[in-house]
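# Overview (structure and organization)
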Amino acid sequence: MKKISYLLLCALPFSAIAATDDCMTRTSVPAETLTLPQVIELGLCRNPQTTSAYLAYESARLSKNAGYADYLPSVSASASASIPYRNEQWGDWTYGASLSASYLIFDFGKRLSDLNQLSASWRAAGFEYDDTVQNYIYGVIGSYYALLNADADVKSAEMLQSVAKTARDTAQKKFNAGAVARADVLRADTTLASRELDLERAKNNREIAKGTLLNKLSFSANQEIKIADLPSELGAPGEIKSLDELFAQAQKTRPDLLRATANKDAAWHRRNSTFLSNLPTISASGSLQWNDTPSETFNAGNDKISGSIGIRASMPLFAGFANMYNLRNAQVNYERAVETERATNDNATLDVFSAYHNYKTAQTVLKQTETLLKSATESERVTAGMYRVGRATMLDWQTAQSELMTAEKQNNAARYDLFTKRAAVALSVGEIKAKLEEGALHEESNE
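Below is a short write-up of the structure. (Residues numbered from 1 in each chain as written. Predicted model: local features only at pLDDT ≥ 70, side-chain atom pairs only at ≥ 80, totals over all residues. Heavy atoms only, no water.)

## What about the overall build of the protein chain?
Heads up, the rule is: Numbering of helices and strands runs from the N terminus, with a helix taken as a DSSP run of H or I at least four residues long and a strand as a DSSP run of E at least two residues long. The cut-offs for exposure are 20% and 50% of the maximum accessible area for each residue type, with area from a 1.4 Å probe on protein chains only; residues under the lower value are buried, those over the upper are exposed, and the others partly exposed.
Within the protein chain one finds eleven helices and six strands. Each of the 447 residues in the protein chain was classed as buried or not, and the buried ones make up 40%.

## Structural notes on the sheet that holds strand E5 (residues 281–292)
As a reminder of what qualifies: Two strands are said to pair when DSSP picks up at least two bridges between them. Only C-alpha atoms enter the line fits that serve as axes; for helices the fit covers just the stretch in contact. Angles between N-to-C directions range over 0 to 180 degrees.
With antiparallel pairing, the four strands of this open sheet are ordered in space as E1-E4-E5-E6. Whereas interior strands pair on both sides, the edge strands pair on one side only; in this sheet they are strand E1 (74–82) and strand E6 (305–314). Put simply, the sheet's adjacent strands are angled 15 degrees from each other on average, direction ignored. The sheet contact formed by E5 and E6 spans ten bridges and is antiparallel. Bridging from a neighbouring strand, serine 285 pairs with glycine 310 of E6.

## Description of the pattern of salt bridges
Applicable threshold: Take a side-chain nitrogen of Lys or Arg and a carboxyl oxygen of Asp or Glu: if they are within 4 Å of each other, that pair is a salt bridge.
Going through the model one piece at a time under the given rule, you end up with 20 salt bridges. A salt bridge links aspartate 256 to arginine 254, with the nearest nitrogen and oxygen atoms 2.7 Å apart. When its relative accessible area of 12% is taken as the criterion, aspartate 256 is described as buried. A relative accessible area of 8% means that arginine 254 is categorised as buried. Salt bridges sharing partners connect three or more residues here, namely Glu128, Asp131 and Arg259.

## Things to note about the packing of helix H5 (residues 110–176) against helix H8 (residues 255–276)
Filter applied, for reference: By definition in this entry, angles of less than 35 degrees are roughly parallel, angles greater than 145 are roughly antiparallel, angles of 65 to 115 are roughly perpendicular, and the rest are oblique. The sense of a crossing depends on the near helix, which, turned anticlockwise from the far helix by less than a right angle, makes the crossing left-handed and, turned clockwise, makes it right-handed. For this classification, Asp, Glu, Lys and Arg are treated as charged, while Ala, Val, Leu, Ile, Met, Phe, Trp, Tyr, Cys and Pro are nonpolar and the rest, including Gly, are polar.
Where H5 meets H8, the closest approach of the two axes is 8 Å, and the angle between their N-to-C directions is 160 degrees. If you check the angle between H5 and H8, you find them roughly antiparallel. The handedness of the crossing between H5 and H8 comes out as left-handed. Its residues assigned to classes, the contact of H5 with H8 shows eight nonpolar, nine polar and ten charged.

## Things to note about unusual backbone geometry
In this structure, phenylalanine 108 is a non-glycine residue whose phi angle is positive, near 60 degrees. Position of phenylalanine 108 relative to the elements: it lies in the loop between strand E4 (94–106) and H5. We note that phenylalanine 321 has phi near 65 degrees; this positive angle belongs to a residue other than glycine. With respect to the element layout, phenylalanine 321 can be found in the loop between E6 and helix H9 (322–388).

## What about the layout of surface pockets?
The cut-off we apply is this: Space inside and on the surface of the protein is sampled on a 1 Å grid over the protein atoms alone, with a cavity defined as a set of points where a 1.4 Å probe fits but cannot get out and a pocket as an open set with protein on both sides within 12 Å along at least 5 of 7 lines; lining residues have an atom within 4 Å of a point. Grid points are joined across faces, edges and corners, and a volume is the space filled by probe spheres set on the points.
For the largest pocket, the calculated volume is near 410 Å³. Lining the largest pocket are 21 residues; nearest its centre among them are Leu148, Asp151, Ala152, Asp229 and Tyr416. Considering each element in turn, the lining of the largest pocket owes the most residues, six residues, to H5. Here the residues of the lining of the largest pocket are counted per class, giving seven nonpolar, four polar and ten charged.

## Some remarks on the pairing of E4
As paired strands, E1 and E4 are joined by nine bridges and run antiparallel to one another. Considered in E4, the bridge of alanine 77 is made with leucine 99. When E4 meets E5, the two strands line up antiparallel, connected through eleven bridges. Following the sheet pairing, tyrosine 95 is matched in E5 by aspartate 292.

## Thoughts on the side chain of serine 287
Heads up, the rule is: Each polar contact in these results corresponds to two N or O atoms within 3.5 Å; when the atoms are within protein, one needs to be able to donate a hydrogen and the other to accept it, and residues that are neighboring in sequence are counted only if both atoms are side-chain atoms. Between two residues, a contact is recorded if the distance between any of their heavy atoms is within 4.5 Å.
Assignment of secondary structure puts serine 287 in strand E5. Polar contacts involving the side chain of serine 287 include one to the side chain of glutamine 289, which spans 3.1 Å. Aside from chain neighbours lying at most four places away, what touches serine 287 is Leu99, Ser100, Ser306, Gly307 and Ser308.

## Details of the environment of alanine 330
Of note, alanine 330 is situated in helix H9. Using a relative accessible area of 6% as the deciding quantity, one classes alanine 330 as buried. Residues within four places of alanine 330 in sequence aside, it is in contact with Arg270, Arg271 and Thr274.

## Points about the environment of serine 379
Relative to the helices and strands, serine 379 resides in helix H9. Under the relative-accessibility criterion, serine 379 is labelled partly exposed at 27%. Spatially, the C-alpha atoms of serine 379 and glutamine 401 are 8.8 Å apart, while their sequence positions differ by 22 residues.

## What about the packing of H5 against helix H6 (residues 182–216)?
How two helices sit against one another is set out by the angle between their axes and by the gap between those axes. Two numbers describe how H5 lies on H6: the axes approach to 8 Å, and their chain directions differ by 165 degrees. Judged by the inter-axis angle, H5 sits roughly antiparallel to H6. Where H5 crosses over H6, the two elements pack in a sense that is left-handed. Split by residue class, the contact of H5 with H6 holds 20 nonpolar, seven polar and 15 charged.

## Comments concerning the packing of aromatic side chains
Selection rule: Stacked, tilted and edge-to-face are the three classes applied to pairs of Phe, Tyr and Trp rings, where Trp contributes its six-membered ring and a pair requires centres within 6.5 Å; stacked means planes under 30 degrees apart, edge-to-face means over 60, and tilted covers the rest.
Enumeration over the complete set of coordinates arrives at twelve aromatic pairs. Pairing tyrosine 57 with tryptophan 122 gives two aromatic rings, centres 6.2 Å apart and planes at 20 degrees, and the pair type is stacked. One end of the pair, tyrosine 57, is in helix H4 (residues 48–66); the other, tryptophan 122, is in helix H5, and 65 residues separate them in sequence. Summarising the burial analysis for this pair, tyrosine 57 and tryptophan 122 share the class buried.

## Some words on helix H7 (residues 243–253)
The cut-off we apply is this: Note that the arc is computed from the directions linking the helix axis to the C-beta atoms.
Within H7, burial applies to Leu243, Leu246, Gln249, Ala250 and Thr253. For H7, the arc enclosing every buried residue in end-on projection is 120 degrees, short of the 170-degree limit, so these residues lie on one face. What points out from H7, more than 90 degrees from its buried face, is the exposed set Asp244 and Lys252.

## Re the nonpolar core
Condition: As used in this record, nonpolar core signifies buried Ala, Val, Leu, Ile, Met, Phe, Trp, Tyr and Cys residues forming a set joined through side-chain atoms within 4.5 Å.
Core analysis: the largest hydrophobic core is formed by 40 residues, its most contacted members being Tyr145 and Ile225. The set of elements that each furnish at least two residues to this core consists of helix H3 (36–46), H4, H5, H6 and helix H10 (394–428). The residues contacting isoleucine 225, other than those within four sequence positions of it, are Val29, Leu34, Leu147, Lys210, Leu213, Leu214 and Leu217. In terms of nonpolar packing, the next biggest core, distinct from the first, is built from 14 residues, Tyr356, Tyr359, Ala362 and Val425 among them.

So, in structure tokens, the structure goes:
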């Protein structure tokens, strides 16, 4: 039940948005700059998939509660009023009422198996909801980082456009002074046009990334959204557990593994219930009737109040072999659930392994791109200075600018890819919501 309590917490707000706004009915994005937790909270409030999964969980809970009814007596009441018609004549009104009750005394544990099956199905629905929430959060995180990456690419493109303008202006001045040929100016113009084209493409990519994020939040893609950037330092070598620790954690918290286990348990209890349905049941019953029959009516001498109590035993003997086939079907479904659990466990192990190594690789790639960017920036600065004093050609400067553009894009992609890979590790062990609330995926300040 600890896990189910955690699932309910997933539906609770952990930002101020849900507390101050009716997020489900609003048509416009909040005007303030949103942090990652606020974006996720806004999305969870509005997302139909997570809402549908929660309603499925609630349905399973109510079905489980209905299973307790078999442990209580069944009581029913009826009333009647009739008037006979014979030989073209209407008789007198006859009134009656009855109250009956029955209680299942013994059924070899079938009620318990049914209740255990419903409870396991309820837990499975809870883990399904948990899985839906975590995958949705991961999708929002990916879109959030993609927008930040696209925005960083726009800023890089604007910076490179400024560098290209400086190169063109420098080439024009040197040409006017007779220090270089007209070809240098033409090369600089070509580079500037290329950088302007890169800037337009970067802006287009940013619009697409923004529209994707807004779509995940169930807003129209033509609106504007402002999101907070992330710190530059994340990914210290010791901030993530070892593979063995991750494998062990996944067994405890990964929702699809827990759901597979709960489904296997439900199949096991369903098989037992099917077998027990072929055994006898013993029930107690009682009834109380009241009759008001006119005295001139035939058989009117019976008592107005009557009743009975008794015990009944029943056992199915033959139902066209349906019981036998139902039992075999339940056994096959249980064996299938066992294999599904095993396959889910294998897939989870691979997910954890892949996410772990992808994150470690992303750490290395980020460090390499930072070194590359630093080198490319210095190279462009030095080459620009050398061109101004006539010790480098425009082609050299163009090459340095191209290398700087590549380094900028690679560094932007590596930086935000590291955040995504870190979220993938948390998703692989089923802790993405917990890590988000702890701040591991969106540090507010540099560590």
